[in-house]
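Observations on the three-dimensional arrangement
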Amino acid sequence: MKRLMQLGLTLFFMLVSSNLFAAVEDLNPEGKFKVIPALMMISLLVLFILVGVFSKAQNTEDYWAAGRGVGQLGGGMAIASNWMSAASYLGMAGLIYLKGYFALSYVLGWTGGYVLLLVLMAGQVRRYGKYTAPDFIGDRYYSTTARLLSSLIVIVISFVYSVGQYKGIGMMFNWIFGINYQMSVFVGTGVVLAYVLISGMLGATKNMQVQYVVIVITFFLPLFFIAHKLGYFSAVPQIGYGAALWDIGHGGNGIAAASADPSYYLPFSNYTAYHWFALCITLMLGTAGLPHVIGRFYVVPRVSDARWQVVWGLFCIALVYWTAPCYAAFAKFSNLLGTAGVNISPDAIVVNAAELAGLPEWFAGFLAAGGVSAAFSTVGGLLMAGASAFAHDIYFRVMNPNATEEKKMLIARVGTIILGVSIIIAALNPPALIAQITAVAFALGANTFFPLFLLGLWWSRTTKEAAIAGMIVGLLVTFGSMFLPKASVLAYYIPFTSSAILGVPAVLITMIVVSLMTPEPSQEIKELLYKVHNDE
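Described in the following lines is the structure provided in the data block.

**A word on the nonpolar core**
One finds Tyr106, Trp110, Ile226, Tyr327, Phe330 and Phe453 to be the most contacted residues of the largest nonpolar core, which totals 151 residues. Counting six residues, the second largest nonpolar core, distinct from the first, contains Tyr395, Ala403, Ile411 and Ala412.

And the structure:
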């Protein structure tokens, strides 16, 4: 056993130090250790661990649902922090930097999804009173098969979504500490696993509230100085960046007319309106179908709190989403201006914007610390969702219903470790940009969970056979779209990041048809749904 452990450690360090996983560009090729940004980062990591320790889960209700004791504003901040992942903090600005107007579909899609949640699901899901999304599906559709299939989908969504977050963590650790990207992934995510294993959902929720404050401060403060440095209205940079868009498209403020790029802000200059709308709809429906987002409604004491925490969450999210396009525009302006000496990466464009503007290193470090905080908050929720699917929905509800509290906690922590290590391996060589990886998870959530929750809550005639058929169709559409030939007609109308535009209607039609062809649910299910829609 000892020799096997030694061999495993040797292979591990050979893997990390090799160039086998060298797809992610090095943001710190000189290997420079940035002292002040490093101190900021270490302070944040210590804070996260301490919050986790002092908010440690004592039982499975604390571990999976935070003891159902999170308030409206606190829940809203946790929703926003849980939501504002590396894809929001780092990846969204990177895509806007690369694709201009087209990438605004991410902003509208990700915020619009919360309106759907508020109107269609928040109160009903909390009133139903289950721990997890598969718990709801298994009970509502009275099917062990549906529970198992939905649990596997939760694990896949958590896996895909987390790969993008691990990439963001690795890139920021690489920039700050000067260690290579692969080792950065291991070090950064090791800290995430530590505090999730220690604290569970209760500690993760408290951490998310702290992380939201960190995210807002780190995202807002440097922008004032960047806008001032570049000569734009800095009192409210979100207004001043409109002038930067004009200069990018027409030339001005030092940019020659020949270097201007009007396609950056013109609608549909490089992409069609259909693709913009398809991506926006996919992200919107995906938001309403992500298990770690739906899971936030289980942690509040009352139904009214579930609704209000969505309102507060949307407000908190909007503050950051209002700001991300500014970073992209200022970085684009600086790049067209000809600023040199910065290793530009779309997934690190928020940090690059501060560097391009010539701000001190610690300002960029401030942003990097916020980026890691954003990734940590989301990974915590995702690992909890994936682990609860394994421990609660598969092990406890199917394999061993008589498991003790201690056994369930052990299985939950083992599941967290297995999922975390699996994600690390995939994150060593991520297949795309952070926001693009994340969009695939949204497409899967939209094509599977959104139709199941929508019909499951609002149409009592929906049957278990329909739920199973719907999930299968959703899986086929989501993953089938990835293998379509790029030049084909189907690939044009079903992009793999935007497949819900046709996938969700296909799943809804399938579920309605199958429901009408199969026996009605029991009267008990119908009465339960009636109670779900009653006021408190």
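**Topic: helix H8 (residues 144-177)**
Working note: α-helix, 3.6 residues per turn, so residues spaced by three or four point in the same direction. The end-to-end C-alpha separation of H8 is 48 Å, in line with the 50 Å expected for 34 residues at 1.5 Å each. At Ser162, H8 is deflected by roughly 25°, the largest bend along its length. With respect to burial, H8 is a largely interior element, 27 of its 34 residues being buried. Backbone nitrogen of Thr145 and a side-chain oxygen of the N-cap are separated by 3.3 Å at the start of H8; the cap is Ser143. Gly178 occupies a position one or two residues after H8 and carries a positive phi of about 80°.

**Considering the side chain of Ser150**
Position of Ser150 among the secondary structure elements: in helix H8. Apart from residues no more than four positions distant in its own chain, Ser150 is found in contact with Pro134, Ile137, Phe449 and Met471.

**A word on the pattern of salt bridges**
Going through the model one piece at a time under the given rule, you end up with eight salt bridges. Where Asp135 meets Arg397, a salt bridge forms, and the shortest distance between an N and an O atom there is 2.5 Å. Of this pair, Asp135 sits in helix H7 (residues 133-140) while Arg397 sits in helix H16 (residues 361-399); the two residues are 262 residues apart in sequence, bridging distant segments of the chain. Accessibility expressed as a relative area gives 2% for Asp135, which makes it buried. Classification of Arg397 as partly exposed rests on a relative accessible area of 30%. Between Asp261 and Lys332 there is a salt bridge, and its shortest N-O distance comes to 3.6 Å. Highlighted residues: Asp261 in the loop between helix H10 (237-250) and helix H11 (273-287) and Lys332 in helix H14 (residues 324-337), separated in sequence by 71 residues. Several salt bridges converge on common partners, so that one network encompasses Asp135, Asp139, Arg147 and Arg397.

What counts and what doesn't
Residues numbered from 1 in each chain as written. Predicted model: local features only at pLDDT ≥ 70, side-chain atom pairs only at ≥ 80, totals over all residues. Heavy atoms only, no water. Core = buried A, V, L, I, M, F, W, Y, C linked by side-chain atoms within 4.5 Å. Buried < 20%, exposed > 50% of the residue type's maximum accessible area, 1.4 Å probe, protein only. Helix = DSSP H or I, 4+ residues; strand = E, 2+ residues; numbered from the N terminus. Expected span 1.5 Å × (residues − 1). Bend = angle between axes of the 7 residues up to and from the residue. Polar contact = N/O pair within 3.5 Å; in protein donor to acceptor, adjacent residues only side chain to side chain. Contact = heavy atoms within 4.5 Å. Salt bridge = Lys/Arg side-chain N within 4 Å of Asp/Glu carboxyl O.

Everything listed is a geometric property; what it means functionally is a separate question.
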